[in-house]
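Spelled out from the first residue to the last, the chains are:
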Amino acid sequence: MLVVAVAIAIALPVVGFAQPAVASPVQAGAHTGSLDFGPNVKIFDPSMPIAEIQASVDAIANQQVDNEMGTQRYALLFEPGTYGTAAHPLVFQVGYYTEVAGLGSSPTDVTINGHVDVYNRCLTATNCIALDNFWRSVSNLTINVTGETGCRSSGDFWAASQAAPMRRVNIVGGNLTLMDYCTAGPQYASGGFIADSKTGFIINGSQQQYLVRDSSIGGWSNAVWNQVFAGVQGAPTQSFPNPPYTTLATNPSSREKPYLVIDPATNKYSVFVPDARTNSTGTTWASGQTPGHAIPLSNFFLARPGDSVKTINNQLAQGKNLIFTPGVYNVNKSIEVKRADTIVLGLGVATLTAVNGAVPITVADVKGVDIAGIMIDAGTVNSPALMQIGSTHATKGQARAHNGWSSASDPTGIQDVYFRIGGPHVGKATVGLKVNSDNVILDDIWAWRADHGSGVGWTVNTSDTGVVVNGDNVTATGLFSEHFQKYNTVWNGENGKTIFYQNELPYDAPNQAAWQHDGVLGWAGYKVADSVKTHQLWGGGSYIYTNVDPTIHATRGFEVPVTPGVKIHDVLTVQLGAGTLDHVINDTGAPVTSAAVGVPSYVTDF
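Within any chain, residue numbers begin from 1 and follow the written order of that chain's sequence. Only residues with pLDDT of at least 70 are given local features in this predicted model, and only at 80 or more are side-chain atom pairs given and counted; all residues enter the totals for whole chains, interfaces and linings. Each side-chain value is derived from all of the structure's non-hydrogen atoms; neither hydrogens nor water enter the calculation.

**Q** Break down the overall build of the protein chain for me, with residues and values.
**A** A run of DSSP states H or I qualifies as a helix once it reaches four residues; a run of E qualifies as a strand once it reaches two. Both are numbered from the N-terminal end. The secondary structure content of the protein chain amounts to 2 helices and 45 strands. Throughout, the radius of gyration refers to the C-alpha atoms, and the reference size of a globule is 2.2 Å times the residue count to the power 0.38. In terms of overall size, the protein chain behaves like a compact globule, its C-alpha atoms giving a radius of gyration of 22 Å where 606 residues would be expected to give roughly 25 Å. The burial tally for the protein chain puts 64% of its 606 residues in the buried class. For accessible areas, the Shrake-Rupley method is used with a probe of radius 1.4 Å. Any residue's cover is judged against the shown protein chains and nothing else. Summed over all atoms, the accessible surface of the protein chain reaches about 19400 Å², with 52% contributed by carbon and sulfur. Neither His nor the chain ends contribute to the count of charged residues, in which Lys and Arg are positive and Asp and Glu negative. One atom stands in for each charge, and that atom is NZ of Lys, CZ of Arg, CG of Asp or CD of Glu. Within the protein chain, the 45 negative side-chain charges are centred at a point lying 7 Å from the centre of the 32 positive side-chain charges. The buried label goes to any residue with under 20% of its type's maximum accessible area, the exposed label to any with over 50%, and the partly exposed label to all in between, with areas taken from a 1.4 Å probe on protein chains only.

**Q** I'd like to hear about the pattern of salt bridges, residue by residue, with values.
**A** Any Lys or Arg side-chain nitrogen located within 4 Å of an Asp or Glu carboxyl oxygen qualifies as a salt bridge. All chains considered together, the criterion is met by 22 salt bridges. Across the pair Glu256 and Arg213 runs a salt bridge whose closest N-O atoms are separated by 2.7 Å. Placement of Glu256 in the loop between strand S18 (251-255) and strand S19 (259-263) and of Arg213 in strand S15 (residues 209-216) is noted, with a sequence separation of 43 residues between them. Since its relative accessible area comes to 3%, Glu256 is described here as buried. The partner of Lys257 in a salt bridge is Asp416, and the shortest N-O contact between them spans 3.5 Å. Pair noted here: Lys257 is in the loop between S18 and S19 and Asp416 is in strand S31 (residues 412-421), with a separation of 159 residues, a long-range link. For Lys257, a relative accessible area of 13% gives the class buried. Ionic contacts of the salt-bridge type, sharing partners, join the residues Arg167, Arg213, Asp214, Glu256, Lys257, Arg277, Asp416 and Asp443 into one network.

**Q** Summarise the sheet that holds strand S28 (residues 361-363); cite the residues concerned and give the values.
**A** We call two strands paired when DSSP finds no fewer than two bridges between them. Read across the open sheet, the 9 strands follow the order S26-S28-S30-S32-S34-S36-S40-S42-S44; overall the sheet is parallel. Among the strands making up the open sheet, the edge pair consists of strand S26 (335-337) and strand S44 (580-585). Each strand of the sheet is rotated relative to its neighbour by a mean of 25°, with strand direction disregarded. As paired strands, strand S40 (residues 526-528) and strand S42 (residues 553-559) are joined by 2 bridges and run parallel to one another. The partner of Tyr526 across the bridge, within S42, is Phe558. Convention adopted: a line fitted to C-alpha atoms gives each axis, helices being fitted over their contacting stretch, and angles between N-to-C directions are expressed from 0 to 180 degrees.

**Q** Describe the packing of aromatic side chains, with residues and values.
**A** Ring pairs shown here join Phe, Tyr and Trp side chains whose ring centres sit within 6.5 Å, with only the six-membered ring taken for Trp; geometry is labelled stacked below 30 degrees between planes, edge-to-face above 60, and tilted in between. Going through the model one piece at a time under the given rule, you end up with 29 aromatic pairs. Residues Tyr96 and Trp135 carry aromatic rings whose centres are separated by 6.4 Å and whose planes lie at 45° to one another, so their mutual orientation is tilted. Remark: Trp135 occurs in the loop between strand S8 (127-129) and strand S9 (136-145) and Tyr96 occurs in the loop between strand S4 (90-93) and strand S5 (98-102); sequence separation between them is 39 residues. For Tyr96, a relative accessible area of 0% corresponds to the buried category. For Trp135, a relative accessible area of 1% puts it in the buried group. One aromatic cluster is present, built from ring pairs that chain together Tyr96, Tyr97, Phe134, Trp135, Trp446 and Trp448. Placement of a charge over a ring requires the Lys NZ or Arg CZ to be within 6 Å of the ring centre, with the centre-to-atom vector within 35 degrees of the ring normal. Of note, Arg136 hangs over the ring of Tyr96, and the distance from its end group to the ring centre comes to 4.4 Å. Taking NZ or CZ as reference, Arg152 lies 4.9 Å from the ring centre of Phe157, over its face.

By themselves, these observations are geometric and do not establish any function.
Below you can see the structure in the form of structure tokens.
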């Protein structure tokens, strides 16, 4: 994400309240039985000494806090009960590729008295930032904030950026702060995503953009560029652009991520699959059990790194659902999801790496599939796409044959899925995510052509487009697509909806001649096809930082057809220190230039 210095003025309220080896796997005794999630799933139960739990989570944090491009993956799972006390709190950090989750049926079934924190990374003594705090999560538990002193006592810290969701979290006893203001500066952050959560007061601080949906909050401190709320009780009122709050009373469509649970009475695991909702507000669990259904873990194949694609596909063909245990998987041909309502769930940011140009996951023309909690890396041989949802899509002049494979009441859900081209190694892919099916919900998706790491360069990690949507009735809540070499997102389907969009144009175009098309300078960050008649976007930002050639222009950040059914609300462009964006949307909106670095140009309605 952002690796540049952009001055952001923030007025915060006064608020109260060498790498060691990782410890050996924590065993859950009789609770796990013979079940084997692999060595990188740590399962804790309340009977364990708090010192033992603390040692295990600290060892993982010490390894992972700076392990941005590493291959280690971990899931820290807490059985129902209480962990830590006021006298002996459980306080720990969450580093890269680490999932922290409760195993109860409700977030209130697991309580951590202490902190579950993400802090700034201090790259130097005077450069402490959260801009690159990616690829981690916390979910399905209660954090009773206690146990720190001084600055850290003011709240639970979640100073993270893209691909670091907070879901089904209940925060009591203190604030939630999305900025780490306890280190040296500049303390910038570029997030982020919260869903199905209940909190007290939230400090946004330096977070440049954020989406909160289907939640209940006790207040919000401030905005920077693009803060979006959908179906959030306690959200700020609509006021874009001064301050830049975009607030929808309800969320049009949602499907919460499936999650692993254990029944304390039987010690048996299942995966709970929440029902889809429309026009929703607040959490799914405020009034009791989240509506949905449980699938016994016996109906899942627990994949391990080293399992062949043939083995995985055979299990899917036999009717199994799929869990990827933590690790990195080399995928030399497509993992094929062909059965309606199949669940594919990753633990610990399980990562699939394309080999020999494979498309790592494909979904047939079936309804109700859910894929969640995984990352897909491009490999050294170009892949046409890294994930493809559906094979059938409409073409001009031809009617779509549905034949029961798509359902608005049983939509396909894609949650917390990330696509990466370059970063840990050279990667090439024409498209990150291609959605051909109708009635799909994209929830917290980040497609990233790497701007730093290994295998990075204009002719090295090549990729045209992050997300292509060909299906109708597709809704995206929290869509991030960055640094792609042509349009970052292309939307060809009808009746699409995007609630929150974040984009950076590519940093590394060598010159203007290399980055232009059809008489247009650069490529827009968000493109709605000329043929589309109905589409809506709420709360979108496109940013430019062409540091290789600062003289480069992009004609526009957003490009859409001018037709009554296409409505764009609350969008902006920002210059981050290099390059010029001439317009916000089409030929509307003032340019952003080096004369006003970090100062947005806004368009409220188009």
